Structures are given as structure tokens and as C-alpha cells.
Amino acid sequence: MPTYVILLGPPASGKGTQAAILKDYLGLPHVASGDLFRYNLKHQTPLGLQAKTYMDRGALVPDDVTIAMVLDRLAQEDCAGGALLDGFPRTLAQAQALDHALAEHGRRISRVLNIQVPDDVLVERVSGRRICRTCGETYHIRFKPPKTPGVCDLDGGELYQRDDDKPETVRNRLSVYWKQTSPLVDYYRQQGVLVDIDGNQPIEDVTAQLKEALANL
Ligand code: AP5
Ligand code: MG
Ligand code: ZN
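Residues numbered from 1 in each chain as written. Chains lettered and ligands numbered in written order. Predicted model: local features only at pLDDT ≥ 70, side-chain atom pairs only at ≥ 80, totals over all residues. Heavy atoms only, no water.

Engineer: Teacher, can you tell me more about the layout of surface pockets here?
Structural biologist: Empty space among the atoms can be located by rolling a probe the size of a water molecule over them. Its boundaries defined by the atoms lining it, the second largest pocket holds a volume of some 200 Å³. If you trace the second largest pocket, you find it lined by Y4, L71, L74, A75, Q76, C79, A80, A101, L102, E104, H105 and R107. Its residues assigned to classes, the lining of the second largest pocket shows eight nonpolar, two polar and two charged. (1 Å grid on protein atoms, 1.4 Å probe; cavity = no way out; pocket = protein on both sides within 12 Å on 5 of 7 lines; lining within 4 Å. Points joined across faces, edges and corners; volume = space filled by probe spheres on them. Nonpolar A, V, L, I, M, F, W, Y, C, P; charged D, E, K, R; others polar.)

Listed below in C-alpha cells is the structure:
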């Protein structure tokens, strides 16, 4: 039975950081809707240009577009054994569409990890985040600094700040999370697949708690 693990949590809660570690631990591909949109934007595809108009405001990209993009990704060969989902689903409609698509193949969500972090900590994390232009590796100027400022440890790529990490946009992303995404916590809790994770700890302690929550998959 393929394994589908969802990392659920507000902006900057550490979904991407932890996914980069857990994908090897679980042996599953990391499927991040935000990364897929940014990849499309980098290559100036119609999907990327459309998504940008929403991302720049910190709003969600419409469900139909997002669902089609992610289900298409999950149908690719490397996802035959399942996937580690990051940033999707983010609305009830997305969650239901995913459940439905999996059920068609007799599959279901294995576990949802609900990473909890207070809003004021999230704002600080976003403001110090830096990302490698070449490989997408995520850093933080205080909490996960690169060896040389502005340069990726892995490939020497240039580190940049995401357009939507400006303080005004971040406030909107947080309010969108509380309005549109947080209802998924109850949705998955009712399915009996949700585990709460304290995301307000050092990165390696969060990883340890996540691994514990995944131990009996
Ligand atoms: P997306 O890219 O998914 O952004 P997000 O959910 O806002 O989450 P982030 O990527 O900002 O945070 P993260 O949890 O990955 O944290 P990270 O590990 O980087 O989405 C962007 C946009 O795309 C959306 O606004 C929307 O427009 C669109 N979109 C995407 N998915 C969509 C969907 N399903 N439907 C509709 N629209 C969608 O960590 C953050 C920082 O903190 C880093 O600097 C990191 O080094 C640091 N850090 C991490 N963990 C710790 C720790 N434990 N202690 C200290 N620092 C830490
Ligand atoms: Mg991310
Ligand atoms: Zn890099």
C-alpha cells in the first residue's frame, strides 16, 4: 500500500525544512505545491504566471488549478509508492479532492503531521529565511545560517529572499492559513490520522518528534 504523509502547518512552520530530511527517511518524493508553483514561475509557464498573481498577495491559488497540478504530479512514476506532501492540501475542497483521487485507487492518507508554531515566531522565521536559487535549499540567517553569508553550502548558489516573505504579505498568508487551512486539522483528526507536533523547538528536535510520529506507519 503506498504511503501518503501530509505536512500541515502555517507559513514558516518548517514544512519544507523537515520535508528535505524526511523524504530520505521515508524514501518518498517531496511534493510541495509552493515549490511547483515557483518552478513554473521560474520557467514562465502560463500556470506559473497565473499563480504569481495570487502568491504575491499571499492569497491561495484557486482550487481547480492547484488540485489539477498536484494530482498530475502524484500520478508520475516516482510517486508510485506514495509521497510526502508539503503545502497541499490547504482547503477542505483540496483535501476532499485528494481523498477522492486516492480512494479511486483503493488508497488513503497514511498520516497528517500538524506542525504547531505561535504566530510571532513564524514572523521571525520568515524574515530571516533565505533560499538557494540553484537547488532550493532553505536557510535562516540566525537559526540555520550558511557557512558563507549569501552562499549555498551545497552548490555555491546565490541565496535570495522569497517575494512573498515581505511582512505585509506574511500577515495575509497567516490570516489565510487560519481562515482556510486550519479547518483541515479537525478534518484529519476526525479521520484518526492526525498527530500534533510541537514545531517551536530546534530543527533537530522537531525532526525527532516527526520521526516518532511516523515510526509505526
Ligand atoms: P508555500 O511555498 O507552501 O509557503 P507556506 O505554506 O507559506 O510555507 P513556507 O514555505 O513559507 O514555510 P515552511 O513551512 O515550508 O517553512 P520553512 O521550512 O521554509 O506557498 C506559497 C504560496 O503558494 C501560497 O501563499 C499560495 O499563494 C501558493 N500555494 C501553495 N500551495 C497552495 C495550495 N495548496 N493551494 C493554494 N495555493 C497554494 O522554514 C521557514 C524558515 O524557518 C526557514 O528560514 C527555516 O530555516 C527556519 N526554520 C525552520 N524550522 C525551524 C526551527 N525549528 N527553528 C528555527 N528556525 C526554523
Ligand atoms: Mg515551504
Ligand atoms: Zn543550493
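Engineer: Looking at this model, I keep getting lost on the sheet that holds strand β6 (residues 138–140). Mind explaining?
Structural biologist: Whether parallel or antiparallel, the strands of a sheet pair through hydrogen bonds between backbone atoms. What the three strands build is an open sheet, ordered β6-β5-β7; its pairing is antiparallel. Across the chains shown, the open sheet's two edge strands, defined by having one partner strand only, are β6 and β7 (159–160). Lying over the sheet, helix α6 (residues 119–127) contacts β5 (129–132) and β6, oriented at roughly 45° with respect to β5. (Pairing = 2+ DSSP bridges. Helix = DSSP H or I, 4+ residues; strand = E, 2+ residues; numbered from the N terminus. Contact = heavy atoms within 4.5 Å. Axes fitted to C-alpha atoms, helices over the stretch in contact; angles between N-to-C directions.)

Engineer: Help me understand the site of ligand 1, please; the structure alone is not making it clear to me.
Structural biologist: If you check the shell around ligand 1, you find 35 residues, and the closest are T17, A59, R90, R129 and R173. Contact between ligand 1 and S13: an oxygen atom at 3.3 Å from a main-chain N or O atom of the residue. Within the backbone of I203, an N or O atom sits 3.5 Å from a nitrogen atom of ligand 1. For ligand 1, whose free accessible area comes to 1000 Å², the fraction covered by protein is 96%. Mapped by element, the contributors of at least two residues to the shell around ligand 1 are α1 (15–26), α2 (33–42), β6 and α9 (203–214). In the shell around ligand 1, the residues fall into 14 nonpolar, 13 polar and eight charged. (Near = heavy atom within 4 Å. Polar contact = N/O pair within 3.5 Å; in protein donor to acceptor, adjacent residues only side chain to side chain. Areas by Shrake-Rupley, 256 points an atom, 1.4 Å probe, with all protein chains shown as cover.)

Engineer: How should the coordination of the zinc ion (ligand 3) be read in this particular structure?
Structural biologist: Four donors placed tetrahedrally about a metal ideally form angles of 109.5 degrees, and six donors placed octahedrally ideally form angles of 90 or 180 degrees. Within the protein, C132 (SG), C135 (SG), C152 (SG), D155 (OD) and D155 (OD) serve as the donor atoms for the zinc ion (ligand 3), at 2.3 to 2.7 Å. Counting the intervening residues between successive donors of the zinc ion (ligand 3) yields the motif C-x2-C-x16-C-x2-D. Judged by its relative accessible area of 2%, C132 falls in the buried class. Residue class for C135 comes out partly exposed when judged on its relative accessible area of 39%. (Donors = N, O, S within 2.8 Å, 3.2 Å for Na, K, Ca; no water. Buried < 20%, exposed > 50% of the residue type's maximum accessible area, 1.4 Å probe, protein only.)

Engineer: When you look at the packing of α2 against helix α4 (residues 63–74) in this model, what are you seeing that I'm missing?
Structural biologist: Two measures define how a pair of helices packs: the angle their axes make with one another and the distance between the axes. The contact between α2 and α4 brings their axes to 11 Å, and the two run at 100°. Between α2 and α4, the crossing angle belongs to the class labelled roughly perpendicular. Taking contact as the criterion, the partners of S33, L36, F37 and N40 in α2 are, on α4, T66, M69, V70 and R73. (Parallel < 35°, antiparallel > 145°, perpendicular 65-115°, else oblique.)

Engineer: Mind showing me how you'd approach the pattern of salt bridges here?
Structural biologist: Side-chain pairs of opposite charge can arise whenever the charged atoms involved come near each other. Here the structure, examined in full by the defined rule, presents eleven salt bridges. A salt bridge links K52 to D56; the shortest N-O distance between them is 2.8 Å. Of the residues examined, K52 reaches a relative accessible area of 28% and is grouped as partly exposed. Linking R173 and D164 is a salt bridge whose minimum nitrogen-to-oxygen distance equals 3.8 Å. Overall, the relative accessible area of 11% leaves R173 in the buried class. The class for D164 is buried, based on a relative accessible area of 9%. Among the charged side chains, a network of salt bridges with common partners joins R129, R162, D164, D165 and R173. (Salt bridge = Lys/Arg side-chain N within 4 Å of Asp/Glu carboxyl O.)

Geometric descriptors of this kind do not, in isolation, establish any biological role.
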